[in-house]
Amino acid sequence: MNFDPMWDTRFAESDYAYGTEPNDFLKAQVKQLKGKRVLSLAEGEGRNAVYLAELGLT
């Protein structure tokens with residue numbers, strides 16, 4: 001299976017590509033997620049998943 005080396009290059013940097021703060025849209029909508037299970041797809045470096053976990057979401 002051949003994988004695109006672009007992703008290896010992109011995530012080889014020591015800095016975060018999108019920062020460490022969660023997405024503004026997610027922060028605005030998170031109240032609707034309280035008490036629910038969340039599937040967070042295509043997380044990249046995981047900043048949104050970490051934010052949701054810190055709020056106690058599963």
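Look up a bit, the structure's there.
Residues numbered from 1 in each chain as written. Predicted model: local features only at pLDDT ≥ 70, side-chain atom pairs only at ≥ 80, totals over all residues. Heavy atoms only, no water.

Visitor: How should I be thinking about a nonpolar patch on the surface in this particular structure?
Guide: Nonpolar side chains collect at one region of the surface, where Met6, Trp7 and Phe11 lie side by side and expose about 300 Å² of accessible area between them. Relative to the helices and strands, Met6 is located in helix H1 (residues 6-10). (Patch = residues over 30% accessible without salt bridge, like charges linked within 9 Å, V, L, I, M, F, W, Y side chains within 5 Å. Areas by Shrake-Rupley, 256 points an atom, 1.4 Å probe, with all protein chains shown as cover. Salt bridge = Lys/Arg side-chain N within 4 Å of Asp/Glu carboxyl O. Helix = DSSP H or I, 4+ residues; strand = E, 2+ residues; numbered from the N terminus.)

Visitor: Can you help me understand the pattern of salt bridges in this one?
Guide: Opposite charge on two side chains permits them to pair, given that their charged atoms come into close proximity. Tallied over the full model, the rule gives one salt bridge. Across the pair Lys27 and Asp24 runs a salt bridge, and its minimum N-O distance is 4.0 Å. Of this pair, Lys27 and Asp24 both sit in helix H2 (residues 24-29), three residues apart, roughly one helical turn.

Visitor: What is the right way to read the environment of Leu52 from this model?
Guide: Structurally, Leu52 is set in helix H3 (residues 47-54). Remark: the alpha-carbon pair of Leu52 and Pro22, spanning 30 residues in sequence, is separated by 8.8 Å.

Visitor: Is there a simple way to explain the side chain of Asn48 in this structure?
Guide: Here Asn48 is to be found in helix H3. On the accessibility criterion, Asn48 (14% relative accessible area) is buried. Not counting chain neighbours up to four residues away, the residues in contact with Asn48 comprise Pro22, Asn23, Leu26 and Glu43. (Buried < 20%, exposed > 50% of the residue type's maximum accessible area, 1.4 Å probe, protein only. Contact = heavy atoms within 4.5 Å.)

Visitor: Mind showing me how you'd approach the layout of surface pockets here?
Guide: The gaps of empty space that remain are located by a probe, the size of a water molecule, rolled over the atoms. A volume near 160 Å³ is recorded for the largest pocket. In this structure, the largest pocket is lined by Trp7, Arg10, Phe11, Tyr18, Leu41, Ala42, Glu43, Gly44, Glu45, Arg47 and Asn48. Those elements that provide at least two residues to the lining of the largest pocket are H1 and H3. (1 Å grid on protein atoms, 1.4 Å probe; cavity = no way out; pocket = protein on both sides within 12 Å on 5 of 7 lines; lining within 4 Å. Points joined across faces, edges and corners; volume = space filled by probe spheres on them.)

Visitor: Whenever I open this one, the environment of Leu55 confuses me. Can you help?
Guide: The topology assignment puts Leu55 in the segment after H3. Measuring from C-alpha to C-alpha, the distance between Leu55 and Asn23 comes to 14 Å, with 32 residues separating the pair along the chain. For Leu55, the residues in contact, after removing those within four places along its chain, are Val30 and Lys34.

Visitor: Explain H3 to me, please; I cannot follow it from the model alone.
Guide: Each full turn of the α-helix corresponds to 3.6 residues, which orients residues three or four apart in the same direction. Taken residue by residue, H3 has Asn48, Tyr51 and Leu52 as its buried positions. Along the long axis of H3, the arc covered by the buried residues comes to 95°, so they all point the same way. Those residues of H3 hidden inside the fold are in contact with H2. (Arc of directions from axis to C-beta.)

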